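Listed below are the residues making up each chain.
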There are 2 protein chains.
Amino acid sequence: MVQLTDDLIEAFNALRIIPLATADKDGVPNVAPMGAKSIADPETILVMDNFMQKTVANIRENPKAAIYVWGEGVKGCFQIHGDVTYEDEGEQFEAFRKETLARMPHVPAKGMLVIKITDIYTCVAGPGAGNKIV
Amino acid sequence: MVQLTDDLIEAFNALRIIPLATADKDGVPNVAPMGAKSIADPETILVMDNFMQKTVANIRENPKAAIYVWGEGVKGCFQIHGDVTYEDEGEQFEAFRKETLARMPHVPAKGMLVIKITDIYTCVAGPGAGNKIV
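The structure displayed is predicted, hence computed values, not measured ones.

Draft legend 1. The pattern of salt bridges, seen in detail. For the structure shown, the criterion picks out eight salt bridges over all chains. Notably, a salt bridge pairs Arg 16 of chain A with Glu 72 of chain B, separated by 3.2 Å at the nearest N-O pair. Taken together, the residues span two chains, with Arg 16 of chain A in the loop between helix H1 (6–14) and strand E1 (18–23) and Glu 72 of chain B in the loop between strand E5 (64–69) and strand E6 (78–87). Assessed through its relative accessible area of 62%, Glu 72 of chain B is described here as exposed. One salt bridge in this structure joins Lys 64 of chain A and Asp 83 of chain A, with 3.0 Å as the shortest N-O distance. Taken together, the residues span a long stretch of sequence, with Lys 64 of chain A in strand E5 (residues 64–69) and Asp 83 of chain A in strand E6 (residues 78–87) at a distance of 19 residues. Residue Lys 64 of chain A is classed as partly exposed on the basis of its relative accessible area, which comes to 29%. Overall, Asp 83 of chain A belongs to the partly exposed group, its relative accessible area being 33%.

The structure is reproduced here in structure tokens:
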């Protein structure tokens, strides 16, 4: 079980936007800024599908995602890899949808990526950048 | 020929960090923050390899990259896809290496990704997010 650390959770929650990378079945990567994101539990990140195009097309044919957690005012730099499922119903989805719409009343909030974390790396600049930490 | 627009070039140069996504030969994506980046010409982006691990391993087996150009204080949101070669010698590399070391004297600046742009999309939030613009 790969779990987010307290430092990582604090940084994740402090950032307004995180970059989310996916790739299609031929390995063509894409990266998009995501604002509607939440930590469901220490092993699971949720990202709301508001206006996704390539991201959803990619995870439907290749259910893998990567993000990094870094930005002004946060400690450290973390890269997360995970396996993705797409969900648009159920208790967890309805709760996340409600939370998203409270912050962003005009988005469609039509589905979500459920990212089960498989690996965590550091991306702090220096010779150790990219090393696996969890 | 896909070319960067003036708006995009202005935004790219204003940002300190851009996220760069790659994927390995099995399609596992990765995304890392890149600070040493430059526009060589309107069709080509350079990114210095200082502490790359997964990024270089990925482009050696799958020479594709994606970035986005977005951040506080810049106009618009742009996603760029491109084909990548890795270079560590020649006039263009030496010039970019010199420019990088002037800003960041302690980095190794050991090679660079040369990204030839193939597609540009908008990532401004809204129903048009992800649409191809160039």
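After that view of the structure, there is still more to cover.
Draft legend 2. Here's a closer look at helix H3 (residues 91–103) of chain B. Residue and element names in this part refer to chain B. The end-to-end C-alpha distance of H3, which contains 13 residues, comes to 19 Å, matching closely the 18 Å that a straight helix rising 1.5 Å per residue would cover. All of the buried residues in H3 are Phe 93, Phe 96 and Thr 100. Take H3 and look down its axis: the buried residues cluster within an arc of 70°, on one side only. Facing away from the buried side of H3 by more than 90 degrees, the exposed set consists of Glu 91, Lys 98 and Ala 102.

Each value, and the rule that gives it
- Residues numbered from 1 in each chain as written.
- Chains lettered and ligands numbered in written order.
- Predicted model: local features only at pLDDT ≥ 70, side-chain atom pairs only at ≥ 80, totals over all residues.
- Heavy atoms only, no water.
- Salt bridge = Lys/Arg side-chain N within 4 Å of Asp/Glu carboxyl O.
- Helix = DSSP H or I, 4+ residues; strand = E, 2+ residues; numbered from the N terminus.
- Buried < 20%, exposed > 50% of the residue type's maximum accessible area, 1.4 Å probe, protein only.
- Expected span 1.5 Å × (residues − 1).
- Arc of directions from axis to C-beta.

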